[in-house]
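The lines below spell out each chain.
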Amino acid sequence: MLNQKALEYKKRNMTIWNEVAPRYHKRWASVSEGPFQSTSKLVELVNICKGDSVLDVACGTGVVTKEIRKKVGSLGYVVGADTSTTAINIARKWNDKKHNLDFLNIDAENFSFSKKFDIITCQYGLFFFPNASKALKNMKNSLKKSGKIGISVHGKREKVPFFSNILDSVIKFIPDYIPPGSPDLDRFGTKSALRKEISKAGFSKISVKEFVFDYSPGKFENYWNNYMKYIAKPLKVKLNQLEYSKRKELKQMVKEKTSQYTIKNGNIVFPWQVLILTAKY
Ligand SMILES: C[S@@+](CC[C@H](N)C(=O)[O-])C[C@H]1O[C@@H](n2cnc3c(N)ncnc32)[C@H](O)[C@@H]1O
């Protein structure tokens, strides 16, 4: 049973994803830049064969699912599962209609399938599940004994300065910006933490690879303005409530933190650590 706080978080998170999915797809997932260079790496690492059946958990707008579909060909079968209806609708449009591709509105913590899959993937989803153990157990129960999983997560916050430069500063001005009961989104951000969680769920032959992708958000003003533009509504509201002078101070704090990454022509280049785990049933 999930506690009340976790249930409230899941509801809030669903609302957020329904709101941000179009922007997320346009700016991030569909562009394959920065952290999204992981999409092709993940698909490569799980070694998909023609005819395989694959489940993509927390598929979002379907960018990983699309690559998987190409690999399994017309004899395979692919399911993308997500709790955001907006994301699923984009995924359906972004992926051509195919007889062997389904997108389902499914919670990673509550699913079962009558037929088992050869491969299950989950890119940038695991840390959103308050009960990640339950989601992993569901994955294991839905996997063939010969099956494999592939999971991508972001590294620890200090290894992803694109986020931490802004969010570590925001917390100084808005200490309660993260509602109580929210899971720690970088809790699987080290090789050992990720490995431990997967091993707890009973998977074997675990391997975790580290990637550091470059990501350039442009010059500081582009970084700041785009971050503010693409941010989810609840934080946007809180930021807009800050006094003008505080907002200015916050921006200056972020600018100072970012300066170590600024390269000669003024464009920022952030390193972005991503971990990709593969494991067998
Ligand atoms: C960062 S996006 C990743 C989407 C996609 N895998 C990709 O790589 O673009 C995270 C996704 O997790 C989904 N999500 C969050 N909690 C979920 C849950 N409990 N069950 C299924 N999906 C969930 C969100 O709706 C969102 O689409």
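Residues numbered from 1 in each chain as written. Predicted model: local features only at pLDDT ≥ 70, side-chain atom pairs only at ≥ 80, totals over all residues. Heavy atoms only, no water.

By the naming in an unreviewed UniProt entry, the chain goes by Methyltransferase domain protein and is assigned to Nitrosopumilus adriaticus.

## Focus: helix 10 (residues 244–258)
Where we set the bar: A run of DSSP states H or I qualifies as a helix once it reaches four residues; a run of E qualifies as a strand once it reaches two. Both are numbered from the N-terminal end. Expected span of a helix, by definition, is 1.5 Å for each gap between consecutive residues, and there is one gap fewer than residues. Classification of residues uses two cut-offs on accessible area relative to the type maximum, computed with a 1.4 Å probe and protein chains only: under 20% is buried, over 50% is exposed, and between them is partly exposed. When we speak of the arc, we mean the arc of directions from the helix axis to the C-beta atoms. Note on contacts: a residue pair is in contact if any heavy atoms of the two residues lie within 4.5 Å.
Compared with an ideal rise of 1.5 Å per residue, which puts 15 residues at 21 Å, helix 10 spans 21 Å between its outermost C-alpha atoms and is within 8% of the ideal. Turning to helix 10, its buried residues number three or more, namely Leu250, Val254 and Thr258. For helix 10, the angular spread of the buried residues around the axis is 70°, confining them to a single face. Turned more than 90 degrees off the buried face of helix 10, the exposed positions are Lys248 and Glu256. The inward-facing, buried residues of helix 10 contact helix 6 (161–173), helix 8 (220–230), helix 9 (233–241) and strand 7 (268–280).

## Examining helix 8
For an α-helix, 3.6 residues make a turn, and residues three or four places apart therefore share a direction. Within the sequence span of helix 8, burial applies to Phe220, Tyr223, Trp224, Tyr227 and Met228. For helix 8, the angular spread of buried residues about the axis comes to 115°, placing them on one side. Contact partners of the buried residues in helix 8: helix 1 (4–29), helix 6, strand 6 (204–218), helix 9, helix 10 and strand 7.

## Some thoughts on unusual backbone geometry
Backbone geometry at Ala58 places phi at a positive 55°, although glycine is not the residue there. Take Ala58: it is sitting in the loop between strand 1 (53–57) and helix 3 (63–72). On the basis of relative accessibility, which here comes to 21%, the residue Ala58 falls in the partly exposed class. Despite not being glycine, Lys205 has its phi angle at roughly 45°, a positive value. Residue position: Lys205 is located in strand 6. What makes Lys205 exposed here is its relative accessible area of 66%.

## A word on the packing of aromatic side chains
Note on aromatic pairs: each is described by the distance of the centres and the angle between the planes. Applied cut-off: Pairing of aromatic rings covers Phe, Tyr and Trp, the last through its six-membered ring, and needs centres within 6.5 Å; plane angles under 30 degrees mean stacked, over 60 mean edge-to-face, and all others mean tilted. Look at NZ for Lys and CZ for Arg. If either is within 6 Å of the ring centre and within 35 degrees of the ring normal, a charge sits over the ring.
Tallied over the entire structure, the rule returns 25 aromatic pairs. Taking the centre distance of 6.1 Å and the plane angle of 80° together, the rings of Phe162 and Phe270 count as edge-to-face. Of this pair, Phe162 sits in helix 6 while Phe270 sits in strand 7; the two residues are 108 residues apart in sequence, bridging distant segments of the chain. When sorted by exposure, Phe162 lands in the same class as Phe270, which is buried. Stacked on the ring of Trp94, the Lys or Arg Lys66 has its end atom at 4.1 Å from the ring centre.

## Notes on the sheet that holds strand 5 (residues 143–154)
Going by this rule: Note on pairing: DSSP must find at least two bridges between two strands before they are called paired. The axes used here are C-alpha line fits, helices contributing only the stretch in contact, and every angle between their N-to-C directions lies in the interval 0 to 180 degrees.
A sheet is described by the order of its strands in space; here seven strands give the open sequence 3-2-1-4-5-7-6, paired in mixed fashion. Sheet topology places strand 3 (101–105) and strand 6 at the edges, where each strand pairs with a single neighbour. Sheet twist, expressed as the mean angle between neighbouring strand axes with direction ignored, is 15°. Pairing analysis gives six bridges linking strand 4 (residues 117–123) to strand 5, with the strands arranged parallel. Bridged to Ile119 within strand 5 is Lys148. Against the sheet, helix 4 (residues 85–94) contacts strand 2 (77–82) and strand 3, and its axis sits at roughly 170° relative to strand 3. Contacting strand 6 and strand 7, helix 6 crosses the sheet at an angle of about 115° to strand 7.

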